[in-house]
Each structure stands twice: as C-alpha cells, then as structure tokens.
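# Architecture and fold: a report
Read off the chains here:
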Protein chains: 2
Amino acid sequence: MSEAYVHGYDPRENERLRDQAGTLVELLHSDTAYPAGSAVLEAGCGVGAQTVTLARRSPGARFTSVDVSADSVAEAKRRTDAAGLTNVRFQQADIFALPFAPESFDHVFVCFVLEHLSRPVEALGILKRLLRPGGTMTVIEGDHGSAYFHPDSAAAHRAIECQVELQRVAGGNASIGRQLYPLMVEAGLEAVHVSPRMVYVDSSKPELVDGFTRKTFTAMIEGVRESAIEAGIIDPETFDAGVRDLYRTAEADGVFCYTFFKGVGEKGKRA
Amino acid sequence: MSEAYVHGYDPRENERLRDQAGTLVELLHSDTAYPAGSAVLEAGCGVGAQTVTLARRSPGARFTSVDVSADSVAEAKRRTDAAGLTNVRFQQADIFALPFAPESFDHVFVCFVLEHLSRPVEALGILKRLLRPGGTMTVIEGDHGSAYFHPDSAAAHRAIECQVELQRVAGGNASIGRQLYPLMVEAGLEAVHVSPRMVYVDSSKPELVDGFTRKTFTAMIEGVRESAIEAGIIDPETFDAGVRDLYRTAEADGVFCYTFFKGVGEKGKRA
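No experiment lies behind these values; they were computed from the predicted model shown.

### Describing the overall build of chain A
Of regular secondary structure, chain A possesses 11 helices and 8 strands. Here chain A has a C-alpha radius of gyration of 19 Å; the compact-globule value for 271 residues is 18 Å, and the two agree. Expressed along its principal axes, the backbone C-alpha trace of chain A runs to roughly 55 × 40 × 40 Å. Within the span of chain A, comprising 271 residues, buried residues form 56% of the whole. Expressed as a percentage of contacts within chain A between residues at least 6 apart in sequence, the contacts between residues at least 24 apart total 78%. Summed over its atoms, the accessible surface of chain A is roughly 11,000 Å², and 51% of this surface lies on carbon and sulfur atoms.

### Quick look at the pairing of strand 5 (residues 131–141) of chain B
If a strand is regular, its side chains alternate between the two faces of the sheet. Residues and elements named next belong to chain B. Among the 11 residues in strand 5, 9 count as buried, and that is most of the element. Tracing the backbone out of strand 4 (residues 105–111), into helix 6 (residues 120–130) and back to the parallel element strand 5 gives a crossover that is right-handed. When strand 5 meets strand 8 (residues 255–266), the two strands line up antiparallel, connected through 6 bridges. Of the residues in strand 8, the one forming a bridge with Glu141 is Phe261.

### Here's the deal with the packing of helix 9 (residues 206–222) of chain B against helix 11 (residues 236–248) of chain B
Residue and element names in this part refer to chain B. Interhelical geometry of helix 9 versus helix 11 gives an angle of 170° and a closest axis separation of 10 Å. The pairing of helix 9 with helix 11 is recorded here as roughly antiparallel in orientation. Residues Thr213, Arg214, Phe217, Thr218, Ala219, Ile221 and Glu222 of helix 9 form the contact with helix 11, whose participating residues are Phe239, Val243, Leu246 and Tyr247.

### Notes on unusual backbone geometry
A cis geometry characterises the amide bond from His150(A) onward to Pro151(A), with omega recorded as -5°. Here Pro151(A) is to be found in the loop between strand 6 (148–150) and helix 7 (154–169). Phi at Glu103(A) takes a positive value of approximately 60°, unusual for a residue other than glycine. Here Glu103(A) lies in the loop between strand 3 (88–92) and strand 4 (105–111). You will see that Phe112(B), though not glycine, has its phi angle at about 60°, which is positive. Locating Phe112(B) in the fold gives a position in the loop between strand 4 and helix 6.

### Quick notes on the packing of helix 7 of chain A against helix 9 (residues 206–222) of chain A
All names here are of chain A. Their axes nearest at 9 Å, the elements helix 7 and helix 9 cross at an angle of 70°. If you check the angle between helix 7 and helix 9, you find them roughly perpendicular. Judged by residue contacts, Ala159, Ile160 and Gln163 of helix 7 engage Phe217, Met220 and Ile221 from helix 9. The residue makeup of the contact of helix 7 with helix 9, split by class, is 5 nonpolar, 1 polar and no charged.

### As for helix 11 of chain B
Residues and elements named next belong to chain B. Here helix 11 spans 18 Å end to end across 13 residues, near enough to the 18 Å set by a 1.5 Å rise per residue. Among all positions in helix 11, only Thr238, Phe239, Ala241, Gly242, Val243 and Leu246 are buried. On its buried side, helix 11 packs onto strand 6 (148–150), helix 7 (154–169), helix 9, helix 10 (225–230) and strand 8.

### Quick word on the layout of surface pockets
Counted as a void, the largest pocket has a volume near 940 Å³. In terms of lining, the largest pocket is formed by 35 residues, of which the most central are Gly145(A), His157(A), Gly145(B), Ala147(B) and His157(B). Of all the elements in the fold, those that place two or more residues in the lining of the largest pocket are strand 6 and helix 7 of chain A together with strand 6 and helix 7 of chain B. With 7 residues, the single largest contributor to the lining of the largest pocket is helix 7 of chain B. The residue makeup of the lining of the largest pocket, split by class, is 11 nonpolar, 15 polar and 9 charged. If you add up the space inside the second largest pocket, you get close to 820 Å³. As for the second largest pocket, its lining consists of 41 residues, of which Gln50(A), Cys111(A), Phe112(A), Glu115(A) and His116(A) are closest to the centre. Only helix 3 (24–29), strand 1 (39–43), strand 2 (62–67), strand 4, helix 7, helix 9 and strand 8 (255–266) of chain A provide two or more residues apiece to the lining of the second largest pocket.

### Some thoughts on helix 6 (residues 120–130) of chain A
Residues and elements named next belong to chain A. Most of helix 6 sits inside the fold, with 8 of its 11 residues counted as buried. Among the residues of helix 6, Pro120, Ala123, Leu124, Gly125, Ile126, Leu127, Lys128 and Leu130 are the ones counted as buried. Looking at the buried side of helix 6, the elements it contacts are strand 1, strand 4, strand 5 (131–141) and helix 8 (180–186).

### Some thoughts on the pattern of salt bridges
Residues and elements named next belong to chain A. Inspection of every chain in the model, using the stated rule, returns 32 salt bridges over all chains. Arg178 is the partner of Asp143 in a salt bridge, and the nearest nitrogen-oxygen pair spans 2.8 Å. Note that Asp143 is positioned in the loop between strand 5 and strand 6 and Arg178 in the loop between helix 7 and helix 8, a separation of 35 residues in sequence. Judged by its relative accessible area of 5%, Arg178 is buried. Counted as one network, the salt bridges with shared partners bring together Asp31, Arg197 and Lys262.

### A short note on the side chain of Asp202(A)
Within the fold, Asp202(A) resides in the loop between strand 7 (190–201) and helix 9. Within the buried core, Asp202(A) has no salt-bridge partner, and the shortest N-O distance to an opposite charge, that of Lys205(A), equals 5.7 Å. Side-chain polar atoms of Asp202(A) contact the side chain of Ser204(A), separated by 2.5 Å. Setting aside anything within four residues of it in sequence, one finds Asp202(A) in contact with Val209(A), Gly254(A), Val255(A), Tyr181(B) and Val194(B).

What counts and how
- Residues numbered from 1 in each chain as written.
- Chains lettered and ligands numbered in written order.
- Predicted model: local features only at pLDDT ≥ 70, side-chain atom pairs only at ≥ 80, totals over all residues.
- Heavy atoms only, no water.
- Helix = DSSP H or I, 4+ residues; strand = E, 2+ residues; numbered from the N terminus.
- Rg over C-alpha atoms; globule rule 2.2 N^0.38 Å.
- Buried < 20%, exposed > 50% of the residue type's maximum accessible area, 1.4 Å probe, protein only.
- Contact = heavy atoms within 4.5 Å.
- Areas by Shrake-Rupley, 256 points an atom, 1.4 Å probe, with all protein chains shown as cover.
- Right-handed = clockwise from strand over helix to strand, strands pointing away.
- Pairing = 2+ DSSP bridges.
- Axes fitted to C-alpha atoms, helices over the stretch in contact; angles between N-to-C directions.
- Parallel < 35°, antiparallel > 145°, perpendicular 65-115°, else oblique.
- Nonpolar A, V, L, I, M, F, W, Y, C, P; charged D, E, K, R; others polar.
- Expected span 1.5 Å × (residues − 1).
- 1 Å grid on protein atoms, 1.4 Å probe; cavity = no way out; pocket = protein on both sides within 12 Å on 5 of 7 lines; lining within 4 Å.
- Points joined across faces, edges and corners; volume = space filled by probe spheres on them.
- Salt bridge = Lys/Arg side-chain N within 4 Å of Asp/Glu carboxyl O.
- Lys, Arg positive; Asp, Glu negative; His and termini not counted.
- Polar contact = N/O pair within 3.5 Å; in protein donor to acceptor, adjacent residues only side chain to side chain.

Geometric values such as these leave the question of function open.
Here you go:
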C-alpha cells in the first residue's frame, strides 16, 4: 500500500500532468491519491476548496480536516456534504495546538497554509509529530514572485507587490513556494522531492486565460485594492493601471506565467 | 513520417522530460527528432552547441547549419567533425539574407537566436518562406525575467538586469522566451504550441546546482561584469554582491528557478 502511494508521486508522472491540466485542480492534485484505509490529516482546510477534491480522489481514505476558523469548517462541511462525501470529519483547531495523539496519521496534507504563517518550519514540525514513521507529508504553496507576463508592466508588478506586502505585514510570505525544499528539510522530513507546477497561459488555452489569468490571479490581486490603498502602499491610479495591465495579458497576444510548488517528504522510520 | 515527427512533440511526452533531465541538453532537445531523409535548416548555429545534439539525435536527417559569423561556423564544423557526424553541412550566411530557395526545407530549428534580433518576427517570416507547406518550425529561447531564487536578493536581480540591459542596447531582448507564442502566431505559423521548460534546482539535484546555477547562469551573468560597469549601468560593489548572492543560491538551502520556452509551429498547407 505504501508503495502504491509513493508511486503516485513518481516525478515522471507528475510532469505529465502540467500541460494536460485544464484546471488548477488537476495541475495541483491529480497525482495525490491515498490508499484505502489510510488516515489523512488535512491541516488548514479553509472552506474546503481542496477537501472535496482530496476526498473524492481517495474514497477509501479517512480524512480529518481542521481549520482555525469555525466558520470555515462549517462551510467546508456544507461543501463535502453537498458533494455526497462521507469520508471526511471536520474539527475546529489551531495548527499550533492540534488535539491529536502523536503518530496518529498515515499522511498529512497542507495546501496554501504555510504562506500565512510566521513560523512555517515550526508548523511542519508539529505536523510531522502527528505522522507515523514512514508516513508522508504533502505541501503545496504558490509563489507570487514567480508571476511574469507579456506585455510586461511595472504597474502590474507593483499591484502584485501590494498583495505580497500586505501578507508580509500580516506575518506571512506570499513567495514561500520556492522555499518548500529547504523548509521541509529543515523540519526534518526525509526524501523530500519538490516539483514545480507552472501554469503557462497563452491564448491557445482559453479555459486557462479565463479561469486562471482573469478569474484566479488577477481577481485575487484586484481584491486587495482597498486594503493596499488604505495601508498607503500604493496610489489608486498605479494600482488600477496594474490591474488593467494584468487583464491585458489575457488578450490574444498576451502570456501569463505563474508557478506553484508541490513538495512531498517522509517521516523517517526512526524519526 | 510527418505523423511520427509530430508525435515527438506530444505535450505529454514533453512534460515527462523536465524532472528527469539531468542536463539542459536533455531538457531542451530530447523531444526533437527529425525523420530520416528530411532536410532541416538550423538557423544561427553559433559554435555548434546545439548542432552536435541535433545531428546525433536525428542521424537520418540532413542538416544545413548557418551562422552569420564565419569563425563560429568554422568552430561548429570542427565540433561536428570531432563528433564523427556526417549529416551536417555548414554555410556562413545572414539570417536576413539566406541563400536558399523558397520551400527548400522540411523543418527549421532556431535556438537562442531571436533574443539577439531587433526584428524577430521578420526573421521568423523569412525562415517560414524557406519551409515547405506542412513543414515545422521549432524555436527555443530563454527568459531572464523568469529567474527567481532563494534566498532572494535585490543585488542579484540588479546584476541580472545588467545582462538584460546590455542585450537591449545591442538591439536584442533577453526576456523574449515568454513571447514565443505571440511572435510565432504573428509570423503566420499555425498550430503553434509553446511549452515552458522550467529548470528547478534545489540541493537534491547536485548536477544541476553545479551545471546550471553555478556554471551556466551565474557564470553568464558574471561574464558581463566589465561591460556593465563600463556602460555605467551598475557600480562594481552592487554587481559583485549580486553575483555573490547568485552563488549563494547554490548552497544547501538555496533554490534557483529559470524557464526556457520551446515553441513548435507549422507552415500551413496553403500558406
């Protein structure tokens, strides 16, 4: 069973996924599958955006999904219920004070969580203690410093920097993706393998132009407009020009690139 | 034959290559193979860095490799002779004044050339006229704006910008990789497919740390030191700090990312 699982992370398999992936979900998650009977902790499930995908792809695994926000946990439960999934239990809990016994999970999954934490290695260490020896930890993060595009635009980069700066002030790191390897190694995980998942969008891929460039990335940047202006990081004119230039990259001759990083490591047998 | 060739460019095949590739040559070229009997033009062969790989991978194809520099052509010929290759003929010629009849090639290959030209679309148009209808054009370019790393460093980015600026002043574009799709479409190529080839380097890949981060990328930036200082683009202290910080990314907890872009398009049957 363990071997079948590890096989799911074969790097050659991973690489096949990128260009085929029509959606972000496929790009990030289609090589994650947990064997029947395994106990999986999803730490930081938020409103369940990943939970439904995870639980559906591994119907025989038992998921425990936790989040620090009770409201998010309630929404995540509504989503998995609506999807007819019965292999997930939810719990409100802080990642730094999880109510689980050591070595009580076969696998841990952490997606878009470390970017919000000021002590990411400490969080990984806590999660590692919950893993049985030989169990695996999967970590996925984006990296805003990986965004580049055509036509290039200084205003667009400044608008992106607003999100980076706001996240930094809040104690997080929006460019943490590139650091997954050293962070996971520092946390004591073994056999760490990080594979970048680059989203490359040109107009031959209309579903990604709309679904990623416009509705995922640019919409996210657009969403920090008021906070960024209020914080005095940028003036409204520059911000709006930047967002306009990001939308410009979604036109017929535009190109947009962004990279997510997915790392998998093991807890040593003697750890 | 045409189908076998196109199969070599299957995107799923491409994606398998990335993480497996121990060297840049594999990453960029291992999915390029031309059928026996086909006539291939390599435009801008330089000193033959790609020629040996190309000709060896397609022993039955006949290559015509041209470069504007007679010295480079002579060196390229020495290299292919030393490699025992007999399927390449060389010719000194300017890409904007090539001495070949229209439609005289089955395939055209252009690698690390457009970055040096102020009129890249015009060059692609000229090369397209030399292709038979249904023939393919393969274009490979890097993109210096795709470089990011850990630890991040403003000085390192400024050192990289020196190379970008020097190339811009010389009429080129060191960040042209991301533009391959719109450039090839503008040149009238059809069925254009661009696939990014990201080089992701962490210390689990010692051959890439040494072969790419240190000896390819950082050494290249280091090479513009005198020109950049002489041109007044940067002061020696900042440049040296930047290069030092690039080498720093090759240490055990460092990460380095860079992306090449490979585009393949066809000349329409009625073009």
